[in-house]
Each structure stands twice: as structure tokens, then as C-alpha cells.
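Remarks on the overall topology
Listed below, chain by chain, are the residues.
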Amino acid sequence: MTIFSRLPIALAALSLAACSDNGGAPVPTGQNGVTGAGSTFVYPILSKWSADYAEGGGDRVNYQSIGSGGGIAQIKAGTVDFGASDKPLPPAELAQAGLGQFPLVIGGVVPVVNIAGIKPGQLRFTGPLLADIYLGKVKSWSDPAIARLNPGVSLPAKPITVVHRSDGSGTTFNWVHYLSQISPAWQARVGEGTSVQWPVGVGGKGNEGVAAYVNQIPNSLGYVEYAYVIQNRMTFGQVQNAAGRFVAPSAASFQAAASHADWAHAQDFHLVMTNAPGEDAYPITATTFVMMYKASKNPQRSAAALKFFRWALSKGQAEATALDYVPLPPDLAKQVDAYLTSTIK
Amino acid sequence: MDASVITQPDAPAFRPRRAHAATRGDRAFRWLTAGAAWLVLFVLVAAAASMAWGGRLAFRTFGWDFITGSDWDAVGQRFGALVPIYGTLVSSAIAMLIAVPISLGIAIFLAEVAPRWIRGPIGLAVELLAAIPSIIYGMWGLFVFAPFMANHIEPWLTERLGPLPILGPLFSGPPIGIGMLTAGIILGIMTIPFISSVMRDVFQAVPPALRESAFALGATPWEVVRKVTIPHTRSAVIGAIFLGFGRALGETMAVTFVLGNAHDFSVSLLMPGNSIAAAIANEFTEADSAIYLSALIALGFLLFVVTFIVLAIAKLMLVRVERKAR
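Each chain carries its own residue numbering, running from 1 in the written order of its sequence. Labels follow written order: the first chain is A, the first ligand is 1, and so on. Local features are withheld for residues below a pLDDT of 70 in this predicted model, meaning they are given only at 70 or higher, and side-chain atom pairs are given and counted only at 80 or more; totals for whole chains, interfaces and linings count all residues. To obtain the side-chain values, all non-hydrogen atoms of the structure were included, while hydrogens and water were left out.

What follows is about the overall build of chain A. A run of H or I in DSSP becomes a helix once it reaches four residues, and a run of E becomes a strand once it reaches two; helices and strands are each numbered from the N terminus. Counting secondary structure elements, chain A contains 14 helices and 12 strands. With C-alpha atoms as the basis for the radius of gyration, the globule rule is written as 2.2 Å multiplied by the number of residues raised to the power 0.38. Whereas a compact globule of 345 residues would reach a radius of gyration of roughly 20 Å, chain A reaches 22 Å, a difference of no more than 12%. On the principal axes, the C-alpha backbone points of chain A span a range of 70 × 65 × 35 Å. Accessibility here uses a 1.4 Å probe with only protein chains present; expressed as a share of the type maximum, an area under 20% marks a residue as buried, one over 50% as exposed, and anything in between as partly exposed. Relative to its 345 residues, chain A shows a buried fraction of 55%. A contact between two residues is defined here by any heavy atoms of the two lying within 4.5 Å. In chain A, the share of contacts with a sequence separation of at least 24, taken over all contacts with a separation of at least 6, comes to 75%. Here the accessible surface of atoms and residues is derived via Shrake-Rupley with a 1.4 Å probe, and residues count as covered only by protein chains that are part of the display. For chain A, the accessible area works out to roughly 14100 Å², and carbon and sulfur atoms hold 56% of it. Here chain A carries 24 positive and 21 negative side-chain charges, and the mean point of each set is 4 Å from the other. None of His or the chain ends enter the tally, which takes Lys and Arg as positive and Asp and Glu as negative. For the purpose of locating charges, the reference atoms are NZ of Lys, CZ of Arg, CG of Asp and CD of Glu.

Each partner contributes residues to the interface: chain A has 36 residues there, and chain B has 37 residues. Carbon and sulfur atoms supply 51% of the area that chain A and chain B bury against each other, a total of about 2600 Å² over both sides. Just to be clear on terms, a salt bridge is a Lys or Arg side-chain nitrogen sitting within 4 Å of an Asp or Glu carboxyl oxygen. In this structure, the connection of chain A to chain B is made through zero salt bridges. Two N or O atoms form a polar contact when they lie within 3.5 Å of each other; inside protein one atom must be a possible hydrogen donor and the other a possible acceptor, and for residues adjacent in sequence the pair counts only when both atoms belong to side chains. Viewed at the interface, chain B and chain A are joined by six residue pairs in polar contact (both at pLDDT 80 or more). When residue character is reported, Ala, Val, Leu, Ile, Met, Phe, Trp, Tyr, Cys and Pro are called nonpolar, Asp, Glu, Lys and Arg charged, and the others, Gly included, polar. Taken together, the residues of the side of chain A that touches chain B break down into 13 nonpolar, 18 polar and five charged. Defined in terms of a 1.4 Å probe, buried area is the accessible area two parts forfeit on being brought together, summed over both.

Here we take up the sheet that holds strand β10 (residues 238-240) of chain A. Residues and elements named next belong to chain A. When DSSP finds two or more bridges between two strands, those strands count as paired. Pairing in this open sheet of three strands is mixed, and the strands run β5-β10-β11 from one edge to the other. Strand pairing shows two members of the sheet lacking a second neighbour, β5 (124-125) and β11 (246-247), which therefore form its edges. Of the strand pairs in this sheet, β5 and β10 are connected by two bridges, and their pairing is parallel. For F125, the partnering residue across the bridge sits in β10 and is V239.

Turning our attention to the packing of helix α9 (residues 206-216) of chain A against helix α7 (residues 134-161) of chain B. Here, axes are lines fitted to C-alpha atoms. For helices the fit covers the stretch in contact, and angles between N-to-C directions go from 0 to 180 degrees. It is at 11 Å that the axes of α9 of chain A and α7 of chain B come closest, and there the two elements cross at 25 degrees. Between α9 of chain A and α7 of chain B, the interaxial angle falls into the category roughly parallel. Considering how the two elements wind past one another, α9 of chain A and α7 of chain B form a crossing that is right-handed. When α9 of chain A is examined against α7 of chain B, the residues A212, Y213 and Q216 of chain A are found in contact with a partner set consisting of L142, F143 and P147 of chain B. Should an angle fall under 35 degrees it is taken as roughly parallel, and over 145 as roughly antiparallel, whereas 65 to 115 is taken as roughly perpendicular and any remaining angle as oblique. Here a crossing is called left-handed whenever its near helix is offset anticlockwise from the far helix by less than a right angle, and right-handed whenever the offset is clockwise.

All names here are of chain B. UniProt positions are given in the numbering used here, feature names are shortened, and annotations may be inferred rather than shown by experiment. Under the local residue numbering, the UniProt record ascribes the feature "transmembrane region" (unreviewed entry) to residues 28-53, 85-110, 122-146, 166-190, 236-259 and 291-318. End C-alpha to end C-alpha, residues 122-146 measures 27 Å, and it is 92% helix and 0% strand. Helix and strand shares over residues 166-190 are 44% and 0% respectively, and the end C-alpha atoms of the span are 29 Å apart.

We now examine a nonpolar patch on the surface. On the surface, I132, I135, I136, M139, W140, F143 and V144 of chain B cluster together into a nonpolar patch covering about 600 Å² of accessible area. Among the secondary structure elements, I135 of chain B is positioned in helix α7. Patch members must show over 30% relative accessible area and no salt bridge, and they are joined within 9 Å when carrying like charges or within 5 Å when they are nonpolar side chains of Val, Leu, Ile, Met, Phe, Trp or Tyr.

Attention shifts here to the domain arrangement of chain B. Residue and element names in this part refer to chain B. An automatic or database domain assignment provides the domain bounds reported here. Examined at the domain level, chain B breaks down into domain 1 (3-54) and domain 2 (65-325). Contacts between domain 1 and domain 2 engage six residues on the former and five residues on the latter. Across the domain 1/domain 2 interface, buried area totals approximately 500 Å², and carbon plus sulfur atoms make up 81% of it. Of all residues in domain 1, A48, M51 and G54 give up the largest surface area on contact with domain 2, accounting jointly for 77% of the area buried on that side. Applying the counting rule to domain 1 against domain 2 returns zero salt bridges. Applying the counting criterion to the domain 1 and domain 2 interface returns one residue pair in polar contact (both at pLDDT 80 or more). Residues that form the side of domain 1 that touches domain 2 fall into these classes: five nonpolar, one polar and no charged.

Here we take up the packing of helix α6 (residues 116-131) of chain B against helix α8 (residues 180-204) of chain B. All names here are of chain B. At a closest axis distance of 8 Å, the pairing of α6 and α8 adopts a crossing angle of 135 degrees. Taken together, the axes of α6 and α8 are oblique relative to one another. α6 and α8 meet at a crossing whose hand is left-handed. Contacts between α6 and α8 involve G123, V126, E127, L129 and A130 on the former and, on the latter, I189, P193, F194, S196, S197 and R200. When grouped by side-chain class, the residues that make up the contact of α6 with α8 number six nonpolar, three polar and two charged.

The next subject is the nonpolar core. In this structure, F102, W141 and W175 of chain A together with F66 of chain B are the most contacted members of the largest nonpolar core, which totals 173 residues. Considering every element that reaches this core, the biggest residue donor is helix α14 (residues 290-325) of chain B, with 13 residues. Every residue in contact with F66 of chain B, bar those within four places of it in the chain, is listed here: A58, F59, W72, F79, G80, A81, L82, A295, A298, L299 and L302 of chain B. Side-chain atoms within 4.5 Å are what join buried Ala, Val, Leu, Ile, Met, Phe, Trp, Tyr and Cys residues into a set we call a nonpolar core.

Here we come to helix α2 (residues 43-55) of chain A. Along an α-helix, residues three or four apart share an orientation, since each turn contains 3.6 residues. All names here are of chain A. Multiplying one less than the number of residues by 1.5 Å gives the expected span of a helix. Along its 13 residues, α2 runs 18 Å from first to last C-alpha, staying within 8% of the 18 Å computed at 1.5 Å per residue. Looking only at α2, the buried set comprises I45, L46, W49, S50, D52 and Y53. Looking at the buried residues of α2, the elements they touch are β2 (61-64), β3 (82-85), β4 (99-114), α12 (299-314) and α13 (317-322). Looking one or two residues beyond α2, the residue adopting positive phi is G57, at roughly 95 degrees.

Residue and element names in this part refer to chain A. Take H177: it is sitting in helix α7 (residues 170-182). The exposure class of H177 is buried, given its relative accessible area of 11%. Each residue touching H177, except ones within four places of it in the same chain, is listed here: E192, V272 and T274.

What follows covers the pairing of β4 of chain A. Along a regular strand, successive side chains alternate from one face of the sheet to the other. Residue and element names in this part refer to chain A. Most of β4 is tucked away: 15 of the 16 residues are buried. Here β4 pairs with strand β8 (residues 220-225) via six bridges, running antiparallel. Counted as the bridge partner of P111 is Y223 from β8. Relative to strand β9 (residues 235-236), β4 runs antiparallel, the two sharing two bridges. Bridging across to β9, V113 finds its partner in T235.

A few words on unusual backbone geometry. Note: most peptide bonds trans; most residues except glycine with negative phi. All names here are of chain A. For R233, which is not glycine, the phi dihedral falls at a positive 50 degrees. Position of R233 relative to the elements: it lies in the loop between α10 (226-231) and β9. Judged by relative accessible area, R233 falls into the exposed class, the value being 74%. A positive phi angle, near 55 degrees, is found at F269, a position not held by glycine. Mapped onto the secondary structure, F269 falls in the loop between α11 (251-260) and β12 (285-293). Since its relative accessible area comes to 5%, F269 is described here as buried.

Here it is as C-alpha cells:
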């Protein structure tokens, strides 16, 4: 038997798979089925919400986690009822497309390391130091710039292997947005975006890819979403915030950042929370935003989506906490509710 | 055979009609097969054309810089494909260095040396390698093989080969286990079944009379392989190698896992790099500007061109080998 004689079997398997696609779970194409696409970060919580919401008699919500950029493209093309992105769209761009935008859940981007003998939360970083490491200026763990922040911590004289995302992502956007704000050198050389030209390092695909690389490579430094830190028990570092304090990533420090951010004056909630003021605020706090048409072509489905998000913002918050997401602070949740009533109908 | 023709030789009206029907059937048959062949050509040209069309914005904007440039900056919107092209060729070349000798060994063993009872199981095991999905190779590479490379192979390579004058720069850098060499080795393992099963089939197709006469003249098994089997099957062996090479060039998932996906140019094989297929798989979902998307599609077109050039070189080599053999 040669490899070619297996082709018919493979074809048969393919066609079987195609059949089971059609015969599987009903695709929500009915009047009240809601479809959305975008950020991979919110996929776990959206699918949990969707299941619970449907169980409670609500409409089915079908969410495709194709990435933030894809979500923006799909909602602009009008192929979905809502898009989700970790990067907010500026009000002008929203107005041009006739879209409204509101925050859904909060998370944080966390520096993680793999150094023998270092415990979670032990290492301290400042924004400029993180920028210098990611620029390739600080090359070794024994660099004086690191030692100065971490007196009494014994660090190896080994090169730092920098790990970043290889795919474009909202996580990267929040990370480099923070580095750009805090380091003029980073702003000038690399800038910000969902994918950038990294001066040094290896690229992992997705949060799980970066987490795997950091766990595999000794003396490495990477950045991942907070949920991955908790689920993989990774060694996170503290980061100095705008008030000068070193803060560990946690639900409380993310919420502190969210409540100190000036949401009331941000049109269409266009606000990236990095480097937020406040004593306890974690400096690289991120938000996932939902985009919907203000005047939908399909008002019935749009109304169903709104009903779902109202439910998620009130009843669904306990589940968000259980899955290591951080709910919106109550004030912000109220603002979102008012925005939904006034702007997206 | 047509019995009626033999038993009824005096039925002349019958034969032209049958002949007529046969030619009509022949014509339909010819059209069908030609259609199938042309369809492949059409699909090929259409795929290349649509990728060239999709990438026209990148080609127009950057010109030749798109091929010779090593920038890949989505923020500054400057794109050059040199690093992925280099990574694709180098990782596939490493794969061939590993896969060709091993495949040759497997094929010769299975066709010439092995006792009959062992051929079935080993042949099956090699073909099972081809049935493993590439993502499994990728995950095995990342979680099992990369740490092994980082802890055992790469420190040894750096220590022994690092100080050498010409080879040295190829094996320097921190042992992180992820990079061009690891990707090349994984690709090599993945292409072995493709190359070796074709080679084995052609070795087994060598007419027994040829081999038996060589043995009768007192040739050893080694001499039979070297002087009869391989010369007789030369073009098919080269074909098998390039089948594997073509596969290695386009492999995506396994490479993405262990290549490191870094758009910087590095001579060292231990450092991370990028390949065309991996870059497309990584970046397509979040390509958020028209020029970025166009650059990725143009990258796909370049993969097409690179593969085409490699196969054309293979064809040329084949022609030269055939001519020399005469």
C-alpha cells in the first residue's frame, strides 16, 4: 500500500465530517439567534454565558472567536450582530460605520517569568525596564537596572529570552500601548498596534503559545492574559503603577484601575486603561469592548443581543469571576446600561 | 475477449457498429481524462492568479523590496519577505539532510535486505508516521522535543561546533530549544514516510531478472543496490525526494509551534526564525490594514513561486541525470 491509496479513505472521512457538521447542533439562523465574532479573550465567558442564557429560556448566542481584528472586520461588513475587540475603536471610526461601543469585561496583561527559585509576585518591574528588556537593551537578568528594583533577590547571570505573541492580538495591543505610554524609546522605535515589529525574542501563537514557551525556556520573560497566569500557575511579576507603587495583578487591582479611569468623559467608552491613576491600580489593565450597530438592519436580532448583554452585565457577573474575569465596577456597569438605552436601540 | 467475434466470423453488419460505439466511447473517455488534467492546470493557474491579484497592493507598494527587504512592521506598514523565504528554504533543507539518508536506508532495507516477515510491520509503521496530523507533531515538538534539544543537543552543539571557524556561527546562541534546527528536524521526521514509501515501491518494482543476474555474477547485496537498483530507479528516487521537499516547504502547523516565529534574520540555526506558511497562519486573523492583508497574500504567492522554482530545478536535474545515464 502506498500513501496515495489512503486518499479515498481520507476523502471519505472528510465527507463524514461534513455530514456530522450538518447533523450536529442546530446553527442559530432563526429570527432570534444572535451571532457575534471577535476577541479570543472573551470566548470562554461568552460561551458560558450563552449556554446559561439559553438554559434560562433566552436566545442562543453563537460566538466565533476569530480575533479582535476579525471581529471588527465582520461587524463592519454586517455579517454578525455584534463584534468584540480588545482594542476600542475611536469615536470617529465608529460614527462613520454607524456603530456603538461598550466595555464588557475586564482583564489584565501580566509579565510572567521562568527563573529557578523565583516565586510568583517576587520580581518587580517598572514600565521603562520592561520596555528596555523588550527593546533588547537590557539583556541579562543580572543587569543593574533589574537588581536595583529587586534588592535581596538572587538572579542568574543568564541572558533573558524574550517571548511575545506571534499572531496579532488585543493582548499585544494593551501590552505595547502601555510600553509606548511609559517609554519614549519604545514609542519611537516600535510603536503600538495589534502586531508590531519586535526587536528581540521568540513568538508564541496565542496566550497558550506564549505560556508554553515561557514554561519551556529557562530564564524567559513573556506576557499573557491574567486568566492564563491563574490557570497555569505561572510566575508573575509586580509592575509599578502611575502612583509609584508596585502592584500585583489581581481582580482587586484591575477593578481599582477600572474605577479610577475616567469613563464618564470617554465618548463611546473609547479608553485604554493602561497606566491608570490610583494607588492600587494595576497599570496594564485591559478591557474587551463590544461593537453593535446603532440602527441595525435587523432590529429584532439586535434587540435580542442587547437583552443578552443586559443579562450578562447583571446576572452573569458571578460566572465571570468564576472564570477569572473581572466584572465591570458597578458605576461603570450603570454607565453602560444607560448607554445601551440611549444609543443602541 | 470478445467471444462473439470469434464464433460468428460471418456477421459483418455487427462489427462496424461495435467499432463505431467503441470510438465514441474512446472519444468520451479521452475528453473526460483530458478534462480532469486540464482542470488541475486551471485550478493551479487560478490559485496563483488570485493570490497575485490579492497581493498586488503589496507588490505595487514595495516592488522588489518586498522580496529583498527584511522589515516586517505592521505599525509602520513596511513589509519584506526575506526572513520568511529564508526560513522556509533553510528549515526544508535541514529536513532533507535528515530525511533523505534515513528514507533511503528504510527503503533499501525494506526492499532488499529485510526478511519477508518483518517488511509488513515496519512498512506499516513508516506509513503510520504519515497518518499523524501535523498539529500532533507540533505539540510533541514543543512539549517533548524542544526541551530535549535545549537541555541536551543544543548545549553540546554550541560547545563542540560553536568555536569552529565556518560552522561556528550556525550553532551559536542561547539553547532555547526552539528555532530553525528543531523545526528542520521535525520536518525531516514528517517527510520520511512520504519519501521512503515511494522509494520502497520503486525499488520493489525493479525487474527481478536484473537483480538476479547481478547476484548470479557474484555481486554482494551492497553492489546490487549501488549498481543495479539505484541506477535503474534514479529518476523516481529524485522524484520522491522532491515530493518530500515540496511537502516540507508548505508545512505549516508543526513548524509554527517550534520555529519561534520571529521576523529577525539570524545566521544561527539555534535562533528562532519564521517561514512563509507559519507567518500566514499566525498573522492572517489579525491583519487589520489593507496593505498588511495584501502582504500576507503576496507571501502566499511567493510560497507558490518558491515551490515552483524548486520543482523546476528538480525537473532540470532529472533531465540531466537521464541524459548522463544514456
